[in-house]
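Chain by chain, the residues:
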Amino acid sequence: MHSEGKTMENKLVSVIVPVYNVETYLKRCITSLLAQSYTNTEIILVDDGSTDASGKICDHYAASHPSLICLHQTNQGQSCARNAGMRIAHGDYYMFVDSDDYIESDMIATMVAESESRDADIVVCGYWMEYPFLSVRRRMLPKQCWNTKRGLELLQENKRIENFAWGKLYRASLLEGIVFPQCRFEDIYTLYRIFARAQPVCGRQFGESEIHAFIGLSRQSGSDESLEPRLKYAEN
């Protein structure tokens, strides 16, 4: 989607959420997305054949919130769910959020402002790893922007920029023609293609206004495997 001439507030952000058997966490996730201070969003929930109440929860919220779109498909895995969401997305920016996660209310606004002020194609934030007995912060360095080559190097190092689709804001044009493959570690295969198109990539700490996105990997789309610990990503 071309966005020339739009102000920051008019830039549409498509938030794509693959959903699979996360009834325990899904309401918290959706509520956090609807509570964003940046209101020009479309929230695309893709129910990937859930066998619990997740699909009904999606329909309940979609019925009363025009900015929320719900798709239902047979179980095909997280990659297919993300691809289905991208096919109907209209945003100037894309963001991926896992359905057992939730984000702080100013996350989208702050990341869009960073992209617009620095003309960055990708904005990356840090996160927290949340264990039952403690929380561990994974920080970004203070404000930095990198060219394509350095961004790819950092992605390969998988330290300051980690190879997860979440925790990043992408200019939509970067994902034209991109699909997530149906395999394990699909994010790794896909992010290198996206980062190769990006100029520049920005990562930053957001000062005193924290951005939180609480990432829980206990249920991946298309899988019943329990994965712990739960994660939460944030920027301070």
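This text goes with the structure placed above it.
**Here's the deal with the nonpolar core**
Part 1 of the reasoning: In this structure, Val13, Val17, Leu33, Leu45, Ile108 and Leu169 are the most contacted members of the largest nonpolar core, which totals 31 residues.
Part 2 of the reasoning: In terms of residue count, the dominant contributor to this core is helix α4 (residues 107–118) (five residues).
Part 3 of the reasoning: Setting aside anything within four residues of it in sequence, one finds Leu33 in contact with Val15, Val17, Ile43, Val97 and Ile103.
Part 4 of the reasoning: With 27 residues, the next largest nonpolar core counts Ile44, Met86, Phe96 and Ala172 among its residues.

**Considering the pairing of strand β1 (residues 13–19)**
Part 1 of the reasoning: Within β1, seven of the seven residues are buried, which leaves the element mostly enclosed by the surrounding structure.
Part 2 of the reasoning: Taking every second residue as pointing to the same face, both faces of β1 are buried, with Val13, Val15, Val17 and Val19 on one and Ser14, Ile16 and Pro18 on the other.
Part 3 of the reasoning: Of the strand pairs in this sheet, β1 and strand β2 (residues 41–48) are connected by seven bridges, and their pairing is parallel. Within β2, the residue paired with Val15 across the bridge is Ile43.
Part 4 of the reasoning: The β-α-β motif built from β1, the intervening helix α1 (residues 26–34) and the parallel element β2 has right-handed crossover chirality.

**Concerning the packing of aromatic side chains**
Part 1 of the reasoning: Taken as a whole and judged by the stated rule, the model has three aromatic pairs.
Part 2 of the reasoning: Geometrically, the ring pair formed by Phe96 and Tyr170 is edge-to-face, given 5.9 Å between the ring centres and 65° between the ring planes. Here the residue Phe96 occupies a position in strand β4 (residues 93–96), and Tyr170 occupies one in strand β10 (residues 168–171), the gap between them amounting to 74 residues. As far as burial versus exposure is concerned, Phe96 and Tyr170 are alike and both buried.
Part 3 of the reasoning: Taking 4.6 Å as the distance between ring centres and 10° as the angle between the ring planes, the aromatic pair formed by Phe164 and Trp166 counts as stacked.

Each value, and the rule that gives it
- Residues numbered from 1 in each chain as written.
- Predicted model: local features only at pLDDT ≥ 70, side-chain atom pairs only at ≥ 80, totals over all residues.
- Heavy atoms only, no water.
- Core = buried A, V, L, I, M, F, W, Y, C linked by side-chain atoms within 4.5 Å.
- Buried < 20%, exposed > 50% of the residue type's maximum accessible area, 1.4 Å probe, protein only.
- Helix = DSSP H or I, 4+ residues; strand = E, 2+ residues; numbered from the N terminus.
- Contact = heavy atoms within 4.5 Å.
- Pairing = 2+ DSSP bridges.
- Right-handed = clockwise from strand over helix to strand, strands pointing away.
- Phe/Tyr/Trp six-rings, centres within 6.5 Å; stacked < 30°, edge-to-face > 60°.

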